[in-house]
Amino acid sequence: MDKKFRVQQWKMLLITMFCYLFFYTGRHNFGWAAKGMAAELRIPYTGIGWISFSMLMGYSIGQLINGNLADRFSARLMVTVGAYLSIITNVAISFANSGTLIMVLWALNGYFQSMAFAPGAKLINNWWSEEERGKAFGFYTMAAGLSSVVTYLLSIILLQQGYEWRMLFRLPVLLLLISATAFMIIARDKPTAATGTQIEKQPEVSWVNRYRLVLSNKRFMVASLGFGFESMARYGLIFWVPVHYLGGNWKDNPGNLWVTFLLPVGMAAGALTFGILSDSLFKKDRIKAIIFGMSVSAVIAILIYIAPVHNLLLGGVLMLLAGFFVYGPQACFFPLSPDFLGSSLTGTGIGFMNMIAYLFAAFGEPLLGFAIDTTGNTNSIFIVIAVLCLLSACSVGAVKYMKLPTVKTV
């Protein structure tokens, strides 16, 4: 491989990772703001769950639309515009005093946030070959996991410094402004745009046919179902773990906050590890890697339910492992799009898969909020998460027994 191209290849991956590293500052901040928001605006946790639902629905719909658009338009432009609009929406929420207004704005923010991941994945797929696809998507998914780390860290610091919940929508997104601007300046959609290399032009496929080709692939549909359950489990942790540990005495026990910080740390490590292992240890058998990860996740969720909250050392280890095994398989889900559908449908496939994922996650949020309101115990969410992990493993396992040919990479 040409050395100059190799440098450009890594440059495009790293700048896309850098941009996405700060995207969650405009999305995963909500779980940390939820307690203060609920108290000030007198919103029950079921209502908070519905606000979270609105964002996930906006994100889900946006994935279906923007994944398709990423196969036709500039990923560089889509990611940048989405980032800027998300920043504006977050700042607007910080001045809102109505739960209804926050719900509408948070839903719009979900759509704007959806303009990033599938287009970014399309850009990466344009630059990386099938032989290194697992590794490339592992790094990209790791950036998303690290984005949760950044958001958790900033939120913990701001809360410990005494800032109110509104500041969580104003300050962290400033980092997204910087990274999105850098991405707009440096990123290039295809090798031809950066190196002048000529590559074979792929035939144009209409947007309707792109959807038709994705929907007709039954193996991809079943895998997307498994991804839906995985995302319900993942968002159950991301959103409700801070609520679980932000008890009435968290200021007297600040260690509780740092236990939650280990969750996204584990997620970031898991994404990179599973991405690399899917290419090496599992020999590109991404289905087997997913089944392994989700099965272990179910066991860990049960252990968290049993473990006492006041044991910070044990809680920290379990949170680290929960993040590692729940989120790690995501790095194996995304390459299934080009693996099953071909490179020309990467954006549409990932967009559809993410649409299913966030549709499932959206309905999971108010359900978990209702469970907490009903039982009066946030610990109950871990039983639900264990069941979701097993459903994900079983769904993906069914793909192994579907005797359908995959589409060769275009």
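Everything that follows concerns the structure shown earlier in this document.
Being a predicted model, the structure only gives us computed values, none of them experimental. (Residues numbered from 1 in each chain as written. Predicted model: local features only at pLDDT ≥ 70, side-chain atom pairs only at ≥ 80, totals over all residues. Heavy atoms only, no water.)

## Some points on the nonpolar core
Next up, step 1: Residues Tyr20, Phe23, Met37 and Ile48 are the most contacted members of the largest nonpolar core, which totals 128 residues.
Next up, step 2: The biggest single contributor to this core is helix H11 (residues 218-245), with 14 residues. (Core = buried A, V, L, I, M, F, W, Y, C linked by side-chain atoms within 4.5 Å. Buried < 20%, exposed > 50% of the residue type's maximum accessible area, 1.4 Å probe, protein only. Helix = DSSP H or I, 4+ residues; strand = E, 2+ residues; numbered from the N terminus.)

## Here's the deal with the pattern of salt bridges
Pairing between side chains of opposite charge can happen when their charged atoms approach one another.
Next up, step 1: For the structure on display, the rule yields four salt bridges.
Next up, step 2: When the shortest N-O distance is used, the salt bridge between Glu132 and Lys135 registers 2.9 Å.
Next up, step 3: The exposure class assigned to Glu132 is buried, which follows from its relative accessible area of 16%.
Next up, step 4: When salt bridges with common partners are traced through the structure, they connect Arg6, Glu132 and Lys135 into a single cluster. (Salt bridge = Lys/Arg side-chain N within 4 Å of Asp/Glu carboxyl O.)

## Quick notes on the packing of helix H1 (residues 3-20) against helix H6 (residues 117-127)
Next up, step 1: It is the contact of H1 with H6, at a shortest axis distance of 10 Å, that shows an interaxial angle of 170°. Taken together, the axes of H1 and H6 lie roughly antiparallel to each other. Every residue of H6 that contacts H1 at Phe5, Gln8, Gln9, Met12, Leu13, Thr16 and Tyr20 is listed here: Phe117, Gly120, Leu123, Ile124 and Trp127.
Next up, step 2: Among the residues forming the contact of H1 with H6, the class breakdown is eight nonpolar, four polar and no charged. (Axes fitted to C-alpha atoms, helices over the stretch in contact; angles between N-to-C directions. Parallel < 35°, antiparallel > 145°, perpendicular 65-115°, else oblique. Contact = heavy atoms within 4.5 Å. Nonpolar A, V, L, I, M, F, W, Y, C, P; charged D, E, K, R; others polar.)

## A short note on the side chain of Gln330
Next up, step 1: Among the secondary structure elements, Gln330 is positioned in helix H15 (residues 330-333).
Next up, step 2: Apart from the residues within four sequence positions on either side, Gln330 is in contact with Thr141, Phe227, Glu230, Ser231 and Arg234.

## A short note on a nonpolar patch on the surface
Next up, step 1: Taken together, the side chains of Val299, Ile302, Leu303, Tyr305, Ile306, Ile383, Val387 and Leu391 make up a nonpolar region of the molecular surface, amounting to roughly 660 Å² of accessible area.
Next up, step 2: Contributing elements (two or more residues each) for the nonpolar patch: helix H13 (286-306) and helix H18 (381-399).
Next up, step 3: The dominant element in the nonpolar patch, judged by the number of residues it contributes, is H13, at five residues.
Next up, step 4: Positionally, Ile302 belongs in helix H13.
Next up, step 5: On the basis of relative accessibility, which here comes to 34%, the residue Ile302 falls in the partly exposed class. (Patch = residues over 30% accessible without salt bridge, like charges linked within 9 Å, V, L, I, M, F, W, Y side chains within 5 Å. Areas by Shrake-Rupley, 256 points an atom, 1.4 Å probe, with all protein chains shown as cover.)

## Quick notes on helix H8 (residues 173-186)
Next up, step 1: Between the first and last C-alpha of H8 there are 20 Å, a value that for 14 residues agrees with the 20 Å anticipated at 1.5 Å per step.
Next up, step 2: Val173, Leu176, Ser179, Ala180 and Phe183 are the residues of H8 that are buried. All buried residues of H8 fall inside an arc of 105° around its axis, so they share one side. Facing away from the buried side of H8 by over 90 degrees, the exposed positions are Ile178 and Ile185.
Next up, step 3: For H8, the elements touching its buried residues are H1, helix H4 (75-93), helix H5 (99-113) and H6. (Expected span 1.5 Å × (residues − 1). Arc of directions from axis to C-beta.)

## Some words on the state of the cysteines
Next up, step 1: Per the stated rule, a full pass over the model turns up zero disulfides.
Next up, step 2: Lacking any disulfide linkage, Cys332 is separated from the closest cysteine sulfur, that of Cys389, by 15 Å.
Next up, step 3: We note that Cys394 lacks a disulfide partner, and the nearest cysteine sulfur, in Cys389, lies 11 Å from it.
Next up, step 4: With relative accessibility at 56%, the residue Cys394 sits in the exposed group. (Disulfide = S-S within 2.5 Å.)

## Points about the packing of aromatic side chains
Each aromatic ring pair is described using two quantities: the centre-to-centre distance and the angle formed by the ring planes.
Next up, step 1: Under the definition given, this model contains 26 aromatic pairs.
Next up, step 2: Relative to Phe325, the ring of Phe324 lies with its centre 4.9 Å away and its plane at 70°, an arrangement referred to as edge-to-face. (Phe/Tyr/Trp six-rings, centres within 6.5 Å; stacked < 30°, edge-to-face > 60°.)

## Re the environment of Glu365
Next up, step 1: Mapped onto the elements, Glu365 comes out in helix H17 (residues 346-375).
Next up, step 2: For Glu365 and Trp50, which are 315 residues apart along the polypeptide, the C-alpha to C-alpha distance reads 7.0 Å.
Next up, step 3: Residues contacting Glu365, with those up to four places away along its chain left out, are Gly49, Ser52, Phe53, Leu56, Tyr235, Gly236, Phe239 and Trp240.

## Focus: unusual backbone geometry
Next up, step 1: Even without being a glycine, Arg42 presents a positive backbone phi close to 55°.
Next up, step 2: Structurally, Arg42 is set in the loop between helix H2 (30-41) and helix H3 (45-70).
Next up, step 3: The class for Arg42 is exposed, based on a relative accessible area of 77%.

## A word on the side chain of Asn125
Next up, step 1: The topology assignment puts Asn125 in helix H6.
Next up, step 2: Residue Asn125 is classed as buried on the basis of its relative accessible area, which comes to 6%.
Next up, step 3: Beyond its immediate chain neighbours, meaning those up to four positions away, Asn125 contacts Arg133, Phe137, Pro338, Ser343 and Thr346.

## A look at the environment of Ala307
Next up, step 1: As for its placement among the helices and strands, Ala307 is situated in the loop between H13 and helix H14 (312-327).
Next up, step 2: C-alpha of Ala307 to C-alpha of Pro44: the two residues are 263 residues apart in sequence and 27 Å apart in space.

## Considerations on H1
Since the α-helix turns once every 3.6 residues, residues separated by three or four places project in the same direction.
Next up, step 1: In this model H1 runs 26 Å from its N-terminal to its C-terminal C-alpha over 18 residues, within 8% of the 26 Å that 1.5 Å per residue would give.
Next up, step 2: Looking at H1, one finds that the buried residues are Gln8, Gln9, Met12, Leu13, Ile15, Thr16, Met17, Cys19 and Tyr20.

## Things to note about the packing of H2 against H11
Next up, step 1: Between H2 and H11, the least distance of the axes is 8 Å, while the angle of their chain directions is 45°. In terms of orientation, H2 lies oblique with respect to H11. H2 and H11 meet at a crossing whose hand is right-handed. Along its contact with H2, which presents Phe30, Gly31, Trp32 and Ala34, the element H11 presents Phe239, Pro242 and Val243.
Next up, step 2: Split into classes, the residues belonging to the contact of H2 with H11 amount to six nonpolar, one polar and no charged. (Left-handed = near helix turned anticlockwise from the far one by under 90°.)

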